[in-house]
Amino acid sequence: MNVRLLKNIMKEVNEPNEFELYQDSTFHPFYWIYKIDNVRVKTLYSKLIDLRKPSARFDVFINGLFISENDYIFEEIGNDFYIKFIKEKFPEFDRFGNPYELDETDEVKIKGDVEKFRVKE
Amino acid sequence: MDKKETNRAKQLPIEKEFIKGVKLIDIDTTIAEYMKSVIIPDLEENSNVIKVPLLYGNAERWEGARKNGYIRDQRGRIQIPLVMFKRNSIERNNLLSNFKEVNKIATYQKYSKKNRYERFSLQNGVKPVQELYSINVPDYVTLTYEVMIWTSFTEHMNKIVEAYQFATDRYWGKEDGHKFKVKIDSFDNQQEVGEGSERVIRTTFTMVVNAYLLPETYNEKPVVQKSRTAKKIVWGVETDLTGNSFITANLYNEYATVIDFVAIRGSQMAVFVNSSTVKLVNVKKPILPSELIGVFDIVNWFRVYINGDFISPSLYTYSYDGSQNEIIFSFTLPFAIDANDEVAITGKFQEL
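Rules of the game
- Residues numbered from 1 in each chain as written.
- Chains lettered and ligands numbered in written order.
- Predicted model: local features only at pLDDT ≥ 70, side-chain atom pairs only at ≥ 80, totals over all residues.
- Heavy atoms only, no water.
- Helix = DSSP H or I, 4+ residues; strand = E, 2+ residues; numbered from the N terminus.
- Buried < 20%, exposed > 50% of the residue type's maximum accessible area, 1.4 Å probe, protein only.
- Contact = heavy atoms within 4.5 Å.
- Areas by Shrake-Rupley, 256 points an atom, 1.4 Å probe, with all protein chains shown as cover.
- Pairing = 2+ DSSP bridges.
- Axes fitted to C-alpha atoms, helices over the stretch in contact; angles between N-to-C directions.
- Parallel < 35°, antiparallel > 145°, perpendicular 65-115°, else oblique.
- Left-handed = near helix turned anticlockwise from the far one by under 90°.
- Nonpolar A, V, L, I, M, F, W, Y, C, P; charged D, E, K, R; others polar.
- Buried area = accessible area lost by both parts, 1.4 Å probe.
- Salt bridge = Lys/Arg side-chain N within 4 Å of Asp/Glu carboxyl O.
- Polar contact = N/O pair within 3.5 Å; in protein donor to acceptor, adjacent residues only side chain to side chain.
- Expected span 1.5 Å × (residues − 1).
- Core = buried A, V, L, I, M, F, W, Y, C linked by side-chain atoms within 4.5 Å.
- Phe/Tyr/Trp six-rings, centres within 6.5 Å; stacked < 30°, edge-to-face > 60°.
- Lys NZ or Arg CZ within 6 Å of the ring centre and 35° of its normal.

> How should I be thinking about the overall build of chain A in this particular structure?
Each helix and strand counted, chain A has one helix and nine strands in total. Listed N to C, the secondary structure of chain A is α-β-β-β-β-β-β-β-β-β in terms of helices and strands. Within chain A, the proportion of its 121 residues that are buried is 41%. For chain A, long-range pairs separated by at least 24 residues make up 67% of all intrachain contacts whose partners lie at least 6 apart in sequence. Accessible surface, chain A as shown: approximately 7400 Å² in total, 49% of it carbon and sulfur.

In structure tokens form, the structure reads like this:
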């Protein structure tokens with residue numbers, strides 16, 4: 001192992017990034033789907049996998065509120081990163097008594113071991 | 001593929017005699033010298049001992065001998081007695097083909113100049129150095145030689161042929177040189193007495209020689225490589241408290257405690273204990289490595305969210321129970337925690 005690999009490990013575990021996702025689909029019956037292009041979860045040095053479980057790789061926030069990992073699923077399809085919020089895990093009504101809904105005005109962010117990558121044309 | 005050896009430590013001088021290879025000229029010379037010194041007997045004529053000369057039949061000589069049945073010397077005299085030979089063909093020996101690229105023939109020499117000034121009886125655990133040679137597998141070939149013998153008398157011819165016959169199926173060569181197996185199947189005898197010419201007894205036969213060829217270098221590397229055995233093996237004493245030292249030494253092992261600490265991150269929903277206490281179960285709280293004291297932000301060791309809202313570290317204390325693998329958080333909040341509240345905690349703890 002050389003210094004370069006050590007640097008890569010530090011980049012993997014000690015340089016968190018933050019990205020905002022935009023709404024992809026509101027019409028899905030079970031999920032509110034948000035996505036971001038050309039973002040992926042960073043690789044992790046094999047010896048460190050047990051120290052940082054997949055659920056601890058990044059945090060998800062909606063309007064600044066921490067969202068439990070039980071309330072969403074995430075997928076990486078092609079070059080896109082998707083967060084699918086499970087509708088049934090969220091309250092039926094918001095604090096004003098309106099049906100709870102996520103839309104394009106809600107700020108959905110991910111923060112952690114994620115990185116943007118460049119796609120060669 | 002690296003063509004040249006770049007490791008200077010492995011570049012040991014090799015005596016020239018070990019690297020000269022085996023060439024066709026070596027085989028010809030070996031066969032010729034053996035015939036000359038061992039096989040061809042001295043003849044006796046009129047109480048005089050006659051040495052039978054041996055000649056290599058180059059194209060001109062051989063052609064002349066074939067055409068005339070004999071060869072003449074520079075003064076025009078027929079050269080009798082005489083043995084002449086020439087190489088006819090070289091054929092690859094398929095029966096002994098081998099993996100030449102990967103196989104090496106290993107051999108060693110007990111004597112080494114390195115041992116000259118050592119007194120092994122007085123030195124503890126020091127063994128004499130042996131010189132190891134690894135040699136590429138040679139190319140095995142079958143050579144055929146044609147031999148012609150001329151004598152004046154049948155008695156002389158018999159003596160020579162008998163000597164050749166006895167030498168068949170033997171390894172021809174010097175004690176400390178190359179040796180090749182030679183086989184002679186049959187001898188063809190002819191007597192020629194022409195009008196006005198000398199009486200000539202002639203015998204021709206073919207020798208089949210099993211030999212091998214080895215170049216001095218192949219692909220710019222010597223085919224013979226030299227190394228030395230270890231004189232002494234010294235075991236050092238090393239104490240490893242982590243148990244990781246026997247994994248290949250690398251930067252990760254050297255800085256494992258720091259790297260592991262930095263890499264540790266957990267995210268878990270806390271278990272409700274009471275209105276002011278929650279706990280993380282089945283977790284381990286790492287110890288801050290001494291290298292990171294003063295650098296790592298211990299105030300934000302954990303990030304606590306109750307129903308999504310971030311809770312300031314000043315509003316809770318925590319304690320770690322290593323025996324139960326639990327971290328207990330005690331809050332001083334303006335509200336009571338409910339069993340239905342979602343308390344999510346992220347930070348420096350390892351999920352077991």
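> Mind showing me how you'd approach the sheet that holds strand β15 (residues 271-274) of chain B here?
The strands that make up a sheet pair up through hydrogen bonds in the backbone, lying either parallel or antiparallel. All names here are of chain B. Ordered in space as β15-β16-β21-β20, the four strands form an open sheet in which the pairing is antiparallel. Either end of the sheet is taken by a strand with one partner, and the two such strands are β15 and β20 (316-321). Shown here is a sheet whose adjacent strand axes are inclined to one another by a mean of 25°, direction ignored. Across three bridges, β15 lies against strand β16 (residues 277-281) in antiparallel orientation. In the strand pairing of β16, V271 is matched with K279.

> I keep staring at the packing of helix α1 (residues 3-14) of chain A against helix α6 (residues 256-263) of chain B and nothing clicks. Help me out?
How two helices pack is summed up by the angle between their axes together with the distance between the axes. With their axes 9 Å apart at the nearest point, α1(A) and α6(B) run at an angle of 25° to one another. Here α1(A) is positioned roughly parallel relative to α6(B), judged by the angle of their axes. The handedness of the crossing between α1(A) and α6(B) comes out as left-handed. Mapping the contact onto sequence places L6(A), I9(A), M10(A), V13(A) and N14(A) in α1(A) and I259(B), V262(B) and A263(B) in α6(B). Residue composition of the contact of α1(A) with α6(B), by class: seven nonpolar, one polar and no charged.

> Would you explain the interface of chain B and chain A in this entry?
Where the parts come together, the accessible area they lose is often given as the size of the interface. Taken residue by residue, the interface counts 25 residues in chain B and 27 residues in chain A. With both sides pooled, the region where chain B packs onto chain A buries about 2100 Å², and carbon together with sulfur makes up 60% of that total. If you sort the residues of chain B by the area they bury against chain A, L251(B), Y252(B) and R265(B) come out on top, with a joint share of 28%. Viewed at the interface, chain A and chain B are joined by one salt bridge. For the salt bridge of D59(A) with R265(B), the shortest nitrogen-to-oxygen distance reads 2.6 Å. Joining chain B to chain A, the criterion identifies seven residue pairs in polar contact (both at pLDDT 80 or more). Looking at the side of chain B that touches chain A, the elements that each hand over two or more residues are α5 (251-254), α6, β14 (266-269), β22 (343-347) and β23 (350-351) of chain B. No other element matches the four residues that α6(B) contributes to the side of chain B that touches chain A. The residue makeup of the side of chain B that touches chain A, split by class, is 12 nonpolar, eight polar and five charged.

> What exactly am I supposed to notice about α1(A) here?
For the α-helix, the turn length of 3.6 residues means that residues three or four positions removed from each other point alike. Taking 1.5 Å per residue as the helical rise, α1(A) with its 12 residues ought to reach 16 Å, and the 16 Å between its terminal C-alpha atoms agrees with that figure. Elements that come into contact with the buried residues of α1(A) comprise α5 and α6 of chain B.

> Looking at this structure, how should I read the environment of M35(B)?
Residues and elements named next belong to chain B. Looking at where M35 falls in the secondary structure, it is placed in helix α2 (residues 24-39). Look at M35 and you get buried, because its relative accessible area is 0%. In sequence terms M35 and A163 are 128 residues apart; their C-alpha atoms lie 9.6 Å from each other. Not counting residues within four places of it along the chain, the set of residues in contact with M35 comprises I40, L54, F85, Y164, W172 and M207.

> Explanation requested: the pairing of β20(B) in the structure shown.
For a regular strand, side chains alternate in direction, first toward one face of the sheet and then toward the other. Residue and element names in this part refer to chain B. Pairing of β20 with strand β21 (residues 326-331), which is carried by six bridges, proceeds in the antiparallel orientation. Opposite Y318, over in β21, you have F329 as the bridge partner. In sequence, β20 turns back onto β21 through a hairpin of four residues, with N325 there showing a positive phi of about 55°.

> Where do I start with the pairing of strand β6 (residues 131-136) of chain B in this structure?
All names here are of chain B. Pairing analysis gives six bridges linking strand β5 (residues 104-109) to β6, with the strands arranged antiparallel. Across the sheet, the residue bridging to Q109 is E131, located in β6. Sheet analysis places β6 next to strand β13 (residues 224-228), joined by five bridges and oriented antiparallel. Residue pairing for β13: Y133 is matched across the bridge by K226.

> Is there a simple way to explain the nonpolar core in this structure?
For soluble globular proteins, nonpolar side chains are generally found buried alongside one another. Residues and elements named next belong to chain B. Grouped together as the largest cluster of nonpolar side chains are 37 residues, with contacts concentrated most on I27, I31, M35, Y164, W172, M207 and V209. Of all the secondary-structure elements, those providing two or more residues to this core are α2, β4 (82-92), β7 (139-151), α4 (154-167), β9 (179-192) and β10 (200-213). Per-element accounting of this core gives the leading share, six residues, to α2. Beyond its immediate sequence surroundings of up to four residues, Y164 is in contact with M35, I39, I40, V83, V147, I149, W172, I184, F187 and F205.

> Looking at this structure, I do not really get the packing of aromatic side chains. What am I missing?
Any two aromatic rings considered together are summarised by their centre-to-centre distance and by the angle between their planes. Within this structure, the stated rule accounts for 30 aromatic pairs over all chains. An angle of 70° between the planes, with centres 6.4 Å apart, marks the rings of Y140(B) and Y212(B) as edge-to-face. With Y140(B) in strand β7 and Y212(B) in strand β10, this pair connects stretches of sequence that are 72 residues apart. Judged by relative accessible area, Y212(B) falls into the partly exposed class, the value being 25%. Members of the aromatic cluster, joined through ring pairs, are W32(A), Y34(A), Y72(A), F85(A), F90(A) and Y100(A). Residue placement shows K285(B) over the ring face of W301(B); its charged tip is 4.3 Å from the ring centre. A cation sits over an aromatic face here: K348(B) above F261(B), 5.4 Å from the ring centre.

> I keep staring at α6(B) and nothing clicks. Help me out?
In terms of burial, α6(B) is a largely internal element, six of the eight residues being buried. Burial in α6(B) covers these residues: A256(B), V258(B), I259(B), F261(B), V262(B) and A263(B). Looking at the buried positions of α6(B), the neighbouring elements they touch are α1 of chain A together with α5 of chain B.

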